[in-house]
Amino acid sequence: KTNDNYEVVLYAIGSPGWPFGPQEGKVVLRNQSEKINEVNFTLHNDGKNMGEGNWKVDWKEDRVIVTIIGEEQSDQNIVMYYED
């Protein structure tokens, strides 16, 4: 998901643990091709693969807030700052 020159990308790492386990993931913030920040997380989503419905992005003036959403967890906010 993008905002002007900035892009935030969600990566699923591997597969969920069988049968109902968590899945590892990573969120990366970039300014064009330069990586600004990355944060690893664990998604608890009843053994389902990570997808578009598991995150939401809220762009602010100096930061982006990525909310990780799973069926078996409270929403997890990841805040990453950038300079305009």
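Refer to the structure printed above.
Residues numbered from 1 in each chain as written. Predicted model: local features only at pLDDT ≥ 70, side-chain atom pairs only at ≥ 80, totals over all residues. Heavy atoms only, no water.

(A) Representation of the sheet that holds strand β1 (residues 2–3). In space, the 4 strands of this open sheet follow the order β1-β2-β3-β4, with antiparallel pairing throughout. Edge strands, defined here as strands with exactly one partner in the open sheet, are β1 and β4 (34–43). Note that strand β3 (residues 23–31) and β4 share 9 bridges and pair antiparallel. Bridge pairing links glutamate 24 to threonine 42 in β4. (Pairing = 2+ DSSP bridges. Helix = DSSP H or I, 4+ residues; strand = E, 2+ residues; numbered from the N terminus.)

(B) A look at the nonpolar core. One finds Val27, Phe41, Val66, Ile68 and Met80 to be the most contacted residues of the largest nonpolar core, which totals 16 residues. For this core, the elements supplying multiple residues, two or more each, are β2 (6–13), β3, β4, β5 (55–59), β6 (63–68) and β7 (76–81). With residues up to four places along the chain from it excluded, the contact list for valine 66 reads Val8, Val27, Trp55, Lys56, Val57, Gln76, Asn77, Ile78 and Met80. (Core = buried A, V, L, I, M, F, W, Y, C linked by side-chain atoms within 4.5 Å. Buried < 20%, exposed > 50% of the residue type's maximum accessible area, 1.4 Å probe, protein only. Contact = heavy atoms within 4.5 Å.)

(C) Region of interest: unusual backbone geometry. Residues tryptophan 18 and proline 19 are joined by a peptide bond in cis, for which omega reads 0°. Along the chain, the position of proline 19 falls in the loop between β2 and β3. Even without being a glycine, glutamine 32 presents a positive backbone phi close to 55°. By secondary structure assignment, the location of glutamine 32 is in the loop between β3 and β4. Judged by its relative accessible area of 54%, glutamine 32 is exposed. Positive phi is not limited to glycine here, since aspartate 46 has a value of about 60°. Here aspartate 46 lies in the loop between β4 and β5. According to the relative accessible area criterion, aspartate 46 is partly exposed, its value standing at 28%.

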